[in-house]
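# Residue-level structural notes
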Amino acid sequence: MGRLKSIDTNIIARYVMQDDPVQTRVATAILSEACFVSDTVLLETAWLLSSRYRLGRADLAATLNDLLRLPLLEVSDAGLVGWAIDRFAAGADFADMMHVTSARHTGCFVSFERCLAALAGPQSPVPIETLG
């Protein structure tokens, strides 16, 4: 055994929102064990919490940072995910910033989005090339 459990968005949502007493207890128990949250689950979680639960930017960034601080929770790269959350808190789109972090092993991230490089800032994990 000893292998990490990779958890789904609904586990995080129950843990954060505590809107179902039974599932909240189960989600809390899962998150008290060593577990992994993929980038795609983080991305879906951010979308769910902002669209369905109407968390504003500041609350969502704080919630995502709180998740990263859970002692037994692992993500692909905590430093880069933290960077994406910080850039989101400063006004960037969280999905865009997660796309940039996912490109960290490439030479650059290419987009038509003109403001993406500015939103990513000088500490972007990969250079951003704007087309057009």
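Before any of the text, the structure's been laid out above.
I will try to describe carefully the structure that is included in this document. (Residues numbered from 1 in each chain as written. Predicted model: local features only at pLDDT ≥ 70, side-chain atom pairs only at ≥ 80, totals over all residues. Heavy atoms only, no water.)

This part is about the nonpolar core. Formed by 37 residues in total, the largest nonpolar core has its most connected members in V37 and F94. For this core, the secondary structure elements donating two or more residues are helix 1 (9-17), helix 2 (21-31), helix 3 (39-51), helix 4 (57-68), helix 5 (78-89), helix 6 (94-102) and helix 7 (116-120). The residues touching F94, leaving out its near neighbours within four places in the chain, are L42, L43, A46, L64, A84, I85 and F88. (Core = buried A, V, L, I, M, F, W, Y, C linked by side-chain atoms within 4.5 Å. Buried < 20%, exposed > 50% of the residue type's maximum accessible area, 1.4 Å probe, protein only. Helix = DSSP H or I, 4+ residues; strand = E, 2+ residues; numbered from the N terminus. Contact = heavy atoms within 4.5 Å.)

Inspection of every chain in the model, using the stated rule, returns three salt bridges. The closest approach of N and O atoms between K5 and E33, which form a salt bridge, is 3.2 Å. Of this pair, K5 sits in strand 1 (residues 5-6) while E33 sits in the loop between helix 2 and strand 2 (35-36), and the two are 28 residues apart along the sequence. When its relative accessible area of 34% is taken as the criterion, E33 is described as partly exposed. We note a salt bridge from R69 to D66, for which the minimum N-O separation is 2.7 Å. (Salt bridge = Lys/Arg side-chain N within 4 Å of Asp/Glu carboxyl O.)

For the rest of this paragraph, the subject is the packing of helix 5 against helix 6. Taken N-terminus to C-terminus, the directions of helix 5 and helix 6 make an angle of 150°; their axes are 9 Å apart at the nearest point. What the angle tells us is that helix 5 and helix 6 run roughly antiparallel. Read as a crossing pair, helix 5 and helix 6 show a hand that is right-handed. Across the interface between the two elements, L80, V81, W83, A84, I85, R87 and F88 of helix 5 pack against F94, M97, M98, V100 and T101 of helix 6. Class assignment of the residues belonging to the contact of helix 5 with helix 6 gives a composition of ten nonpolar, one polar and one charged. (Axes fitted to C-alpha atoms, helices over the stretch in contact; angles between N-to-C directions. Parallel < 35°, antiparallel > 145°, perpendicular 65-115°, else oblique. Left-handed = near helix turned anticlockwise from the far one by under 90°. Nonpolar A, V, L, I, M, F, W, Y, C, P; charged D, E, K, R; others polar.)

Before going further, it helps to examine the side chain of S124. Tracing the backbone through its elements, the reader meets S124 in the loop between helix 7 and strand 5 (128-130). In this structure, S124 is in contact with W83 and V100, ignoring residues within four places of it in sequence.

Turning our eyes to something else, we now look at the state of the cysteines. Per the counting criterion, the structure on display carries zero disulfides. C115 supplies the cysteine sulfur nearest to C108, a cysteine that is in no disulfide, at a spacing of 17 Å. For C108, a relative accessible area of 30% gives the class partly exposed. (Disulfide = S-S within 2.5 Å.)

Once that is clear, we can look at the sheet that holds strand 1. Within the open sheet, the three strands sit side by side as 1-2-3. Their pairing is parallel. Strand pairing shows two members of the sheet lacking a second neighbour, strand 1 and strand 3 (73-74), which therefore form its edges. (Pairing = 2+ DSSP bridges.)

Read these as layout, nothing more, since geometry by itself doesn't imply function.
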